[in-house]
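Per-entry structural report
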Amino acid sequence: MINLSQAAAKEIKRLQATRDKLDSQLRLQVKAGGCSGWFYILEFDETTSAEEIVCNSHGISIVVDAESSEFLKGLSLDYSEDLMGGGFRFHNPNATETCSCGNSFVKKN
């Protein structure tokens with residue numbers, strides 16, 4: 001369902017270690033709002049419910065709630081650094097447009 005690049009997985013593992021959350025899962029959600037209508041939320045969580053989808057990429061457990069799953073099918077998450085700093089990059093086949101910040105998108109109909 002969701003694919004992490006090696007760079008994204010490495011950064012997530014680094015963040016888990018610095019936050020003392022080595023056993024946590026990456027929670028990925030989509031909420032209404034942002035520049036383009038929908039935005040991504042990334043956070044660490046230790047719990048899941050029966051309704052949630054859990055997938056694995058590069059040894060990282062990724063939790064997605066049922067509502068967000070339709071927006072995230074086929075998503076690739078990358079991490080890169082440039083002169084302005086580092087950040088996650090979302091490559092979403094379900095988006096028709098993204099804003100310039102890359103954290104919000106318009107969903108395909």
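As a reminder, the structure under discussion sits directly above these lines.
Parameters and conventions
Residues numbered from 1 in each chain as written. Predicted model: local features only at pLDDT ≥ 70, side-chain atom pairs only at ≥ 80, totals over all residues. Heavy atoms only, no water. Salt bridge = Lys/Arg side-chain N within 4 Å of Asp/Glu carboxyl O. Buried < 20%, exposed > 50% of the residue type's maximum accessible area, 1.4 Å probe, protein only. Helix = DSSP H or I, 4+ residues; strand = E, 2+ residues; numbered from the N terminus. Contact = heavy atoms within 4.5 Å. Pairing = 2+ DSSP bridges. Axes fitted to C-alpha atoms, helices over the stretch in contact; angles between N-to-C directions.

1. Describing the pattern of salt bridges
All told, the structure shown has five salt bridges when counted by the stated rule. Asp 82 is the partner of Arg 89 in a salt bridge, and the nearest nitrogen-oxygen pair spans 3.8 Å. Relative accessible area serves as the criterion here: at 29%, Arg 89 is assigned to the partly exposed category. The exposure class of Asp 82 is partly exposed, given its relative accessible area of 46%. Because the salt bridges share partners, they merge into one network encompassing Arg 27, Asp 45 and Glu 52.

2. Considering the environment of Ile 60
By the element assignment, Ile 60 lies in strand 5 (residues 60–64). Beyond its immediate stretch of four places on either side in the chain, Ile 60 contacts Leu 4, Ala 9, Ile 12, Lys 13, Gln 16, Leu 26 and Cys 55.

3. Quick look at the sheet that holds strand 6 (residues 76–82)
As summarised here, the arrangement of the three strands in space is 1-6-7, forming an open sheet in which the pairing is mixed. Looking at which strands have only one partner, the edges of the open sheet turn out to be strand 1 (3–4) and strand 7 (85–91). As paired elements, strand 1 and strand 6 share two bridges and run parallel to each other. Bridge pairing in strand 6 links Leu 4 to Leu 77. Contacts between helix 1 (residues 6–18) and the sheet are confined to strand 1, strand 6 and strand 7, with strand 6 contributing the most and set at about 80° to the helix.

4. As for the sheet that holds strand 5
Neighbouring strands of a sheet are bound in pairs by backbone hydrogen bonds; such pairs are parallel or else antiparallel. Reading across the sheet, the six strands line up as 4-5-2-3-9-8 and stay open at both edges, with mixed pairing between neighbours. In the strand order of this sheet, the two ends are held by strand 4 (53–57) and strand 8 (95–98), each with one partner. On average, each strand axis in the sheet is inclined to that of its neighbour by 35°, with strand direction left out of account. The pairing of strand 3 (residues 37–45) with strand 9 (residues 104–107) spans two bridges and is classified as antiparallel. Along strand 9, the bridge assignment pairs Trp 38 with Phe 105. Contacting strand 2 (25–33), strand 3 and strand 5, helix 1 crosses the sheet at an angle of about 90° to strand 5.

5. Focus on the side chain of Glu 11
Topologically, Glu 11 is positioned in helix 1. Looking at Glu 11, the relative accessible area reads 10%, which means it is buried. Residues in contact with Glu 11, not counting those within four places in the same chain, are Tyr 79 and Phe 88.

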